[in-house]
Amino acid sequence: MGSVLLATDGSEYARRAAERAIELVEERSAPLYVICVVDRQRFGESALSSAELATIYAEDHAAACVAEVERMTEGRDISVEGDTRHGVPHEVIMEYADEVDADVIVVGEHGDHREHFAGVGRKVTERADREVIVVEAVP
């Protein structure tokens, strides 16, 4: 079995997706890759301005999102590799899935910015040439 890729943004929806991704890697004895994308469309590139502080915050938040998933796997026999990148989220997720040869991509139904991240999951689902699991929100 190939690897599982989890796309996270640190939201409660992404945490549910992380739980599902962890279950999958345990069932499949597969490695888990975690990606959190700093959305270039929202934060742009760092520059000497107030936008730089927002970008730095987004980078720190992305690293914390990946670290949270790594903590969730502590004490389990799971190989986890996390990364944060800048770009257009669905594009970066697809590129990273190719890079790690993921069999499946797991995303939450919504993210911190519901409309935006929901669009990411939809775009990944529409464009993926591999299985995509969109973990639904629990009512």
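Small disclaimer: the values here were computed from a predicted structure and weren't measured. Along each chain, numbering runs from 1 in the same order as the chain's sequence is written. Given that this is a predicted model, residues contribute local features only at a pLDDT of at least 70 and side-chain atom pairs are listed and counted only at 80 or more, while totals for whole chains, interfaces and linings are drawn from all residues. Hydrogens are left out, water is left out, and the side-chain values use all remaining heavy atoms of the structure.

Secondary structure counts use DSSP, requiring at least four H or I residues in a row for a helix and at least two E residues in a row for a strand, with both numbered from the N terminus. The helix and strand inventory of the chain stands at five helices and five strands. Across the chain, helices and strands are ordered from the amino to the carboxyl terminus as β-α-β-α-α-β-α-β-α-β. Here, Shrake-Rupley sampling with a 1.4 Å probe gives the accessible areas, and only protein chains in the shown set may cover a residue. Accessible area for the chain stands at about 7300 Å²; split by element, carbon and sulfur atoms hold 45% of it.

A separate point is the packing of aromatic side chains. Any pair of Phe, Tyr and Trp rings, taking the six-membered ring for Trp, is counted once the centres come within 6.5 Å. Such a pair is stacked with planes under 30 degrees apart, edge-to-face with planes over 60 apart, and tilted for the rest. For the structure on display, the rule yields one aromatic pair. Taking 6.2 Å as the distance between ring centres and 80 degrees as the angle between the ring planes, the aromatic pair formed by Tyr 33 and Tyr 96 counts as edge-to-face. You can see Tyr 33 sitting in strand S2 (residues 32–39) and its partner Tyr 96 sitting in helix H4 (residues 89–100), a full 63 residues away along the chain. Partly exposed residues are those whose accessible area sits between 20% and 50% of the maximum for their type, while under 20% is buried and over 50% is exposed, using a 1.4 Å probe and protein chains only. Take Tyr 96: its relative accessible area is 2%, and that puts it in the buried class.

Since the α-helix advances by 3.6 residues per turn, residues separated by three or four positions end up pointing in the same direction. Under the convention used throughout, the expected extent of a helix is 1.5 Å for every residue step, that is, one less than its residue count. Over its 17 residues, helix H1 (residues 12–28) runs 24 Å from end to end, which matches the ideal 24 Å to within 8%, given 1.5 Å per residue. Of all the positions in H1, only Tyr 13, Ala 14, Ala 17, Ala 18, Ala 21, Ile 22, Leu 24 and Val 25 are classed as buried. Ser 29 occupies a position one or two residues after H1 and carries a positive phi of about 50 degrees.

Below, the discussion takes up the sheet that holds strand S4 (residues 102–108). Taken in spatial order, the five strands make up an open sheet running S3-S2-S1-S4-S5, and their pairing is parallel. Because the sheet does not close on itself, it has two edges, and the strands there are strand S3 (80–87) and strand S5 (131–135). Here the strands of the sheet are splayed against their neighbours by 25 degrees on average, with no regard to which way each runs. Contact criterion: two residues are considered in contact whenever any of their non-hydrogen atoms come within 4.5 Å of each other. Fitting a line to C-alpha atoms yields each axis, with helices limited to the stretch in contact; the angle taken between N-to-C directions then spans 0 to 180 degrees. Across the face of the sheet, H1 comes into contact with strand S1 (3–7), S2, S4 and S5 while running at roughly 155 degrees to S4. One bridge is not enough; two strands pair if DSSP finds at least two bridges between them.

What follows covers the confidence of the model for the chain. Of the residues in the chain, 78% reach a pLDDT of 70 or more, and the chain-wide mean stands at 82. Averaged pLDDT values for the elements of the chain fall to 61 in helix H2 (residues 40–43) and rise to 95 in S1. Residue range residues 112–117 is modelled with pLDDT below 50. Its contacts to residues more than four positions away, or to other chains, number 14 contacts. pLDDT is defined as a per-residue confidence score from the predictor, taking values between 0 and 100.

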